[in-house]
Amino acid sequence: MTSTRPVLTTPVLLLMATATGLCVGGNYFNQPLLESIAVALGTSHSAAAATVTVAQVSYGLGLLFLVPLGDMFDKRRLTVGLMLAAAAGQALSGFAPTIAVLAVGTAIAGLFSVAAQVLVPFAATLAEPERSGQAVGTVMSGLVLGILLARSVAGLLAGIGGWATVYRVSAAAMVVVALALWRALPTSRPAERIGYGTTLRSLGTLVRTQPRLRTRSLLGALSFASVSALFSTMAFLLAGEPYGFDEVQIGLVGLAGVAGAVMANLTGRLADRGLAQLASGAGAAVLVLSWAALAAGAHSLAWFLIGMVAIDLALQAVHISNQNIVYALVPAARSRINAVYMTTYFIGAAAGSALGALAWTSAGWTGVCVFGVAAAVATALVWLVDLRVARRAVAVPA
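Residues numbered from 1 in each chain as written. Predicted model: local features only at pLDDT ≥ 70, side-chain atom pairs only at ≥ 80, totals over all residues. Heavy atoms only, no water.

Participant: Hey, could you run me through the overall build of the protein in this one?
Facilitator: Looking only at helices and strands, the protein features 16 helices and 2 strands. Viewed in the frame of its principal axes, the protein has a C-alpha envelope of about 60 × 45 × 35 Å. Surface summary for the protein: the accessible area is close to 16,200 Å², and the carbon and sulfur share equals 70%. (Helix = DSSP H or I, 4+ residues; strand = E, 2+ residues; numbered from the N terminus. Areas by Shrake-Rupley, 256 points an atom, 1.4 Å probe, with all protein chains shown as cover.)

So, in C-alpha cells, the structure goes:
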C-alpha cells in the first residue's frame, strides 16, 4: 500500500470520526419518526416501519459488497464518493412524496453509508503504528455517538420543521464533511491492483487462512447479539409497569450508552500498549455481569441504568479490541478483513434482535435476560478459544 501521507493529525482524526457518525447515524433517523412518516405520507404503520428493515438490509449489503473496494481503489476517492452517494439518498428521503420514494432513498443512504467502514481501517493505515489503536478508537467513538444521538437529533429537528427536516440537514452536512475529507485526507492506493471478482473471492480465503479472523468475528457477533437483545426489547420493559415511560423518556434512558464512546477511545489506547487481549477478556466478563444488573432493572431504574452503562462499555471493549487485532493480521487487506468482520458482527446483531424479541414474547424480561446472559457466556468461551489460538500462533516458528 503506497500512501503520500503526513502523520495523522488530531483535527483530521476528529473529522473522520464526525464523518463516521454522520454516515451510520443516518440509518437510525427513521426509528423515532415512524408515526409522523406514516401520517405525513398517508401510509400504514407497517409500511413506515419497513424502512427500518430497508436501512439495515442495505447497510449489510454495503458491508459485504462495497467495503472490500477499499483494497482496490484510492481510499480517499472511495470514501468521498460513497459519502456523496449516501447524501443523495438522504436528500431523496427528505423530499420523498411517497413511502416508496422514501424506501428508495433509505436504501441508497444505507447502502453507501458504509463509507464509515472504509474510514475505520483507513485511520489505522494512516496512523503511526504505535497510535493505530487510538486512531481506530477515536473514529469508532464518532460512530457510537452518531448512532446514539441520531434518534434524539431526529426528534428535535422533526419538532422544528417536520419529519423530513433531519434528512435534508443530514444531506447538506454530509456533503460539507465529504468535501472537507477530500481536502484533508491523503491519497492511499493499493500497491497491486486486483479485480472485483478476485477481491470478493479472497474474502473466503481470508476466513479460511486466518483463524483469529474467525474467532474474533464470532466473538464480535455473539457480544453484539447479547446487546441487541437488550436494545430490541428495552422499550417494552420501560413502557410497561412499573415504569410507564413514553418515547422521549425511553430515548433519554438509551443515552446512557454514551459511555461506550469513552470506552472505544480507552480500548484503542490499551490496544496500542499490547493489551487488546486483556481488554476484550475484561469486556466479555463485564458483559456477563451486566445482565445481573439488567435483571434487577425489571423493578429498579438505578440497576437498569447501571446495566445499560456496563453492557455498552463491555461491547465497545470487545469490539474495538477485535478490530485492532484483525486489522493487524493482513495489513494490505484491511478493508476486506473489515468486511468479513463487520458482516459477521451485523449478522450477530440481527440474530440477537430477533431472538431477543422471541424471548420477550415467550417469557418476558426474564426470557430476555436468560438469552442475553447465555450469549454473553458464549462470548467469554470464544474469548478463551481465541486465547489458545493466539498462543499457538506465537508458538509456531516464523
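Participant: Can you help me understand unusual backbone geometry in this one?
Facilitator: Peptide bonds are mostly trans, and most non-glycine residues show a negative phi. In this chain, Glu 241 is followed by Pro 242 through a cis amide linkage whose omega measures 5°. If you trace the backbone, Pro 242 turns up in the loop between α11 (234-239) and α12 (247-254).

Participant: Which parts of the structure should I look at to understand the packing of aromatic side chains?
Facilitator: Under the definition given, this model contains 8 aromatic pairs. With a centroid separation of 5.6 Å and an interplanar angle of 20°, the aromatic rings of Tyr 341 and Tyr 345 are classed as stacked. Taken together, the residues Tyr 341 and Tyr 345, both in helix α16 (residues 334-395) and 4 residues apart, mark about one turn of the helix. The burial state of Tyr 341 is the same as that of Tyr 345; both residues are buried. Among the aromatic residues, ring-to-ring pairing joins Phe 29, Trp 163 and Tyr 167 into one connected group. Note that Arg 76 overlies the ring of Trp 182, its terminal NZ or CZ placed 3.9 Å from the centroid. The side chain of Arg 168 reaches across the aromatic face of Phe 95, ending 4.2 Å from its centre. (Phe/Tyr/Trp six-rings, centres within 6.5 Å; stacked < 30°, edge-to-face > 60°. Buried < 20%, exposed > 50% of the residue type's maximum accessible area, 1.4 Å probe, protein only. Lys NZ or Arg CZ within 6 Å of the ring centre and 35° of its normal.)

Participant: What's the story with the pattern of salt bridges in this structure? I'm lost.
Facilitator: Once their charged atoms are close, side chains differing in charge can pair, the charge on each being opposite to the other. Under the defined criterion, the tally for this structure stands at 3 salt bridges. Close ionic contact of Arg 212 with Asp 386 constitutes a salt bridge, the shortest N to O distance being 2.7 Å. Taken together, the positions of Arg 212 in helix α10 (residues 211-231) and Asp 386 in helix α16 put the pair 174 residues apart, joining distant regions of the chain. Across the pair, Asp 386 and Arg 212 agree in class, each one buried. One salt bridge in this structure joins Arg 216 and Asp 386, with 2.9 Å as the shortest N-O distance. Taken together, the positions of Arg 216 in helix α10 and Asp 386 in helix α16 put the pair 170 residues apart, joining distant regions of the chain. When its relative accessible area of 0% is taken as the criterion, Arg 216 is described as buried. By relative accessible area, Asp 386 is classed as buried at 0%. Among the charged side chains, a network of salt bridges with common partners joins Arg 212, Arg 216 and Asp 386. (Salt bridge = Lys/Arg side-chain N within 4 Å of Asp/Glu carboxyl O.)

Participant: Could you clarify how one ought to interpret the packing of helix α4 (residues 75-94) against helix α6 (residues 115-126) in this entry?
Facilitator: Helix packing geometry: the angle between the two helix axes and the distance between the axes. The geometry of α4 relative to α6 is characterised by a closest axis approach of 9 Å and an angle of 155° between their N-to-C directions. As the angle between them shows, α4 and α6 are arranged roughly antiparallel. Considering the relative orientation of α4 and α6, their crossing is left-handed. Contacts between α4 and α6 pair Lys 75, Arg 76, Leu 78, Thr 79, Leu 82 and Met 83 from the former with Ala 115, Val 118, Leu 119 and Phe 122 from the latter. (Axes fitted to C-alpha atoms, helices over the stretch in contact; angles between N-to-C directions. Parallel < 35°, antiparallel > 145°, perpendicular 65-115°, else oblique. Left-handed = near helix turned anticlockwise from the far one by under 90°. Contact = heavy atoms within 4.5 Å.)

Participant: How do you make sense of the nonpolar core when you look at a structure like this?
Facilitator: General note: in soluble globular proteins, nonpolar side chains tend to be found buried as a group. In terms of nonpolar packing, the biggest core is built from 82 residues, with Met 16, Met 83, Leu 181, Leu 230, Phe 304 and Trp 365 touching the most fellow members. Among the elements that make up this core, the one with the highest residue count is α16 (12 residues). Contacts of Trp 365, omitting those with residues within four sequence positions, involve Leu 230, Thr 233, Met 234, Leu 237, Leu 294, Ala 295, Ala 298, Phe 304 and Trp 360. Listed in part, the 19 residues of the second largest apolar core include Ile 37, Ile 99, Ala 154 and Leu 157. (Core = buried A, V, L, I, M, F, W, Y, C linked by side-chain atoms within 4.5 Å.)

Participant: Quick question: what am I supposed to make of helix α14 (residues 276-296) here?
Facilitator: Residues that lie three or four places apart on an α-helix share one face, since the helix turns once every 3.6 residues. The terminal C-alpha atoms of α14 lie 31 Å apart, and with 21 residues this matches the ideal 30 Å at 1.5 Å per residue to within 8%. Every buried residue of α14 is listed here: Ala 276, Gln 277, Ala 279, Ser 280, Gly 281, Gly 283, Ala 284, Leu 287, Ser 290, Trp 291, Ala 293 and Leu 294. (Expected span 1.5 Å × (residues − 1).)

Participant: Would you mind going over the environment of Gly 281 with me for this structure?
Facilitator: Locating Gly 281 in the fold gives a position in helix α14. Note on Gly 281: relative accessible area 13%, which makes it buried. Along the backbone, Gly 281 and Gly 81 are 200 residues apart, and their C-alpha atoms lie at a distance of 38 Å.

Participant: It is not clear to me how the environment of Met 234 should be interpreted in this structure. Could you clarify?
Facilitator: Within the secondary structure, Met 234 is located in helix α11. The buried category is assigned to Met 234, whose relative accessible area is 7%. For Met 234, the contacting residues outside a window of four places in its chain are Ile 250, Val 253, Gly 254, Phe 304, Met 308 and Trp 365.

Participant: Sorry, what's going on with the confidence of the model for the protein here?
Facilitator: If pLDDT is low for a region, its predicted coordinates should not be looked at in detail. Averaged over all residues, the pLDDT of the protein equals 90, while 96% of them reach at least 70. Taken together, the stretch residues 1-6 has pLDDT below 50 and engages in 19 contacts with residues farther than four places along the chain or on a different chain. (pLDDT = per-residue confidence, 0-100.)

Participant: Looking at this structure, I do not really get helix α3 (residues 45-65). What am I missing?
Facilitator: The end-to-end C-alpha separation of α3 is 31 Å, in line with the 30 Å expected for 21 residues at 1.5 Å each. Listed as buried for α3 are Ala 48, Thr 51, Val 52, Ala 55, Ser 58, Tyr 59, Gly 60, Gly 62 and Leu 63.

Participant: Where do I start with a nonpolar patch on the surface in this structure?
Facilitator: On the surface, Val 57, Leu 61, Leu 64, Phe 65 and Tyr 196 cluster together into a nonpolar patch covering about 400 Å² of accessible area. Looking at the secondary structure, you find Tyr 196 in helix α9 (residues 196-209). (Patch = residues over 30% accessible without salt bridge, like charges linked within 9 Å, V, L, I, M, F, W, Y side chains within 5 Å.)

Participant: What exactly am I supposed to notice about the side chain of Thr 106 here?
Facilitator: Note that Thr 106 resides in helix α5 (residues 99-112). Residues contacting Thr 106, with those up to four places away along its chain left out, are Asn 30, Thr 51, Val 54, Ala 55, Ser 58 and Ser 93.

Participant: I'm lost on the environment of Ala 276 in this one. Help?
Facilitator: When you line up the elements, Ala 276 lands in helix α14. According to the relative accessible area criterion, Ala 276 is buried, its value standing at 9%. In sequence terms Ala 276 and Val 318 are 42 residues apart; their C-alpha atoms lie 8.6 Å from each other. Those residues in contact with Ala 276 that lie beyond four places of it in its chain are Leu 270, Ala 271, Ser 321 and Ile 325.

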